[in-house]
Amino acid sequence: MAESTTADLDVNRSYRRLGRAVTRVHQASRTIDPALRPRLESLLHAGEAMDFVARIHGFSDPLSASALESFAVQAGIGRQSLHSTVLPALKAANVADFALDTQGVVIEVQEFLGVTGNLIEQSYRVLQQLNPTIDEIVTLHSIEVASFAPLTTTQHLDQLHRRGFNDQVSETGLNLALATGLTKRVNSVDLAEDVIYSPYVWESGQIEIASFLRGLPSGERDALLGICEQAAQHPGLALPLLAQPTPGVFGAAQKVGLVQAATVKSTGGSGAQTYVFSPTLESEDDRLTTTEALNQRKLFVAHMLFGHERAERSGGRIHDPVVLVRALLNRGSVGPASNISTDYHLLEAHGIVRVRETDHGRAYLELVKEEIVEGGLAWLQNSSTSAGTTDPTVNLLRAPDEFTNPEQTRAGAGDLGAADEIARSAILELRKELQRATRQDRPANPR
């Protein structure tokens, strides 16, 4: 086998960055204006296709035709699109293979997630098979450039020019990226120009968030540093437990991507709860097959914590999430319990667990995606004060039936006034810091 060249490695890294941008478009799809969606059709289809593959990944037994179509629906794919668009693209990209019966109905799908690349690498390959338009490609590049460093509008467009896009196409791509909400802009009085950035810029690994924030003026540092450190040290921390020294500072930090938030909601009286995560978790997760690009660990952890903290006492609660999850990993299942059959349909819909019912109205919770649950356990251990000695109990009156991912939560944040200004100033200072690092004026990670 021929050795990989430097050029090959650069291409692979570029494909990974662009593949992650595909998954981000998918995660934000529910917040994208319906009038804009036709112009991003291939990007949306690619994200849906990989979401489908991620959901069916990990099952040891073949899934039935009805189960496959059900998982497709959960990923946003209709039956006709599944057969005519998604499955052929997955096969052409060597991400999955499939078989049809004599009437053309899918009866088997064999997925290769993690075999021919991880999820973000495969996402870009699938997009290529969907024949994206030049506008879609430049939009993807614009999203990726903004996630790497905050740049002035002129500098951002120059980066797109360097990638072979002309002036008109580059401007179209930037405008479409801004319209998705995945790329944002903030005005700089000093530069007399907008600065283009992405809430994902903190995931690039170019700068350590806490070290950077400590170098800001004291008022801005005090407002942001505490919540960012809490989010990093305690993944899945419940929002009410997060220290907020300034009103609105959490929402402002969330809008610019310094923290992430996921919300679960129950149909019962236990209502909703928001859990906080650090953006640095994304880059740490890249070595895994699925990565956290689809927020599956956040979904799992939020379920476990919600069941422990917010489930109705009269129906029982998860006594200890860490003990329960450890038992699920060690034994492959937990139970039986009467409410397992009704309380975990969101986790089932993502293929993370499977519910096996018994003859007496009780059910077992069975492990499917070991990687997701293992990653979730590590986060839960950081968030838990438990000694881990109790027996696992799963018995919820109402577990979550709705999950709002960080992209959707961020899009719902309104105008936060002065708190927004604090967070925006951090973006402008980050631009200067990365420029100094590029010029090697001083290290980007001061110690």
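Refer to the structure above for everything that follows.
For the structure given in this document, a descriptive report is provided here. (Residues numbered from 1 in each chain as written. Predicted model: local features only at pLDDT ≥ 70, side-chain atom pairs only at ≥ 80, totals over all residues. Heavy atoms only, no water.)

**Comments concerning helix α8 (residues 167-180)**
Structurally, the α-helix is built with 3.6 residues per turn, so residues lying three or four positions apart point the same way.
Then, in step 1: When the terminal C-alpha atoms of α8 are compared, their 20 Å separation across 14 residues agrees well with the 20 Å that a helix rising 1.5 Å per residue should span.
Then, in step 2: Among the residues of α8, Val169, Ser170, Gly173, Leu174, Leu176, Ala177, Leu178 and Thr180 are the ones counted as buried.
Then, in step 3: Buried residues along α8 sit against α6 (134-148), α7 (153-162), β4 (184-188) and β5 (193-197).
Then, in step 4: Sitting at the amino-terminal end of α8 is Asn166, which places a side-chain oxygen 3.2 Å from the backbone nitrogen of Gln168. (Helix = DSSP H or I, 4+ residues; strand = E, 2+ residues; numbered from the N terminus. Expected span 1.5 Å × (residues − 1). Buried < 20%, exposed > 50% of the residue type's maximum accessible area, 1.4 Å probe, protein only. Contact = heavy atoms within 4.5 Å. Polar contact = N/O pair within 3.5 Å; in protein donor to acceptor, adjacent residues only side chain to side chain.)

**Details of helix α14 (residues 321-331)**
Then, in step 1: Burial analysis of α14 places eight of its eleven residues in the buried class, which makes it a mostly covered element.
Then, in step 2: Of the residues making up α14, those classed as buried are Pro321, Val322, Val323, Leu324, Val325, Ala327, Leu328 and Leu329.
Then, in step 3: Sitting at the amino-terminal end of α14 is Asp320, which places a side-chain oxygen 2.9 Å from the backbone nitrogen of Val322.
Then, in step 4: Once α14 ends, the next one or two residues include Gly332, with phi positive near 90 degrees.

**Focus: the sheet that holds β4**
Then, in step 1: One open sheet holds the three strands; their spatial order is β3-β5-β4, and the pairing between them is antiparallel. This sheet does not close on itself; its edge strands, each paired only once, are β3 (151-152) and β4.
Then, in step 2: In the sheet, β3 pairs with β5 via two bridges, with the strands oriented antiparallel. Bridging from a neighbouring strand, Thr152 pairs with Val195 of β5. (Pairing = 2+ DSSP bridges.)

**Thoughts on the packing of α6 against α8**
Angle between the axes and distance between the axes: these two values describe a pair of packed helices.
Then, in step 1: One way to put it is that α6 packs onto α8 with a least axis distance of 8 Å and a crossing angle of 65 degrees. In terms of orientation, α6 lies roughly perpendicular with respect to α8. Of the two elements, α6 crosses α8, and the hand of that crossing is right-handed. Counted together, Ile134, Asp135, Val138, Thr139, Ser142 and Ile143 of α6 and Val169, Ser170, Thr172, Gly173, Leu174, Leu176, Ala177 and Thr180 of α8 form the full contact between these two elements. (Axes fitted to C-alpha atoms, helices over the stretch in contact; angles between N-to-C directions. Parallel < 35°, antiparallel > 145°, perpendicular 65-115°, else oblique. Left-handed = near helix turned anticlockwise from the far one by under 90°.)

**Considerations on the nonpolar core**
Then, in step 1: Within the largest apolar cluster, 62 residues are counted, with the highest numbers of intra-cluster contacts made by Phe52, Leu90 and Val126.
Then, in step 2: The element that contributes the greatest number of residues to this core is helix α2 (residues 41-56), accounting for nine residues. (Core = buried A, V, L, I, M, F, W, Y, C linked by side-chain atoms within 4.5 Å.)

**Quick word on the packing of aromatic side chains**
Then, in step 1: What the rule picks out here adds up to four aromatic pairs.
Then, in step 2: Taken together, a centroid distance of 4.8 Å and an interplanar angle of 35 degrees make the contact between Tyr15 and Tyr124 tilted. You can see Tyr15 sitting in helix α1 (residues 6-27) and its partner Tyr124 sitting in helix α5 (residues 119-129), a full 109 residues away along the chain.
Then, in step 3: The exposure class of Tyr124 is buried, given its relative accessible area of 8%.
Then, in step 4: Where Trp202 meets Phe212, the ring centres are 5.8 Å apart and the plane angle is 45 degrees; that geometry is what we call tilted. In this pair, Trp202 is assigned in the loop between β5 and α9 (209-214) and Phe212 in helix α9, connecting sequence segments ten residues apart. Each of the two residues, Trp202 as well as Phe212, counts as buried.
Then, in step 5: The ring of Phe98 carries the charged tip of Lys91 above its face, separated from the ring centre by 5.6 Å.
Then, in step 6: Across the ring face of Phe277, the terminal group of Lys298 is positioned such that the distance to the ring centre comes to 5.8 Å. (Phe/Tyr/Trp six-rings, centres within 6.5 Å; stacked < 30°, edge-to-face > 60°. Lys NZ or Arg CZ within 6 Å of the ring centre and 35° of its normal.)

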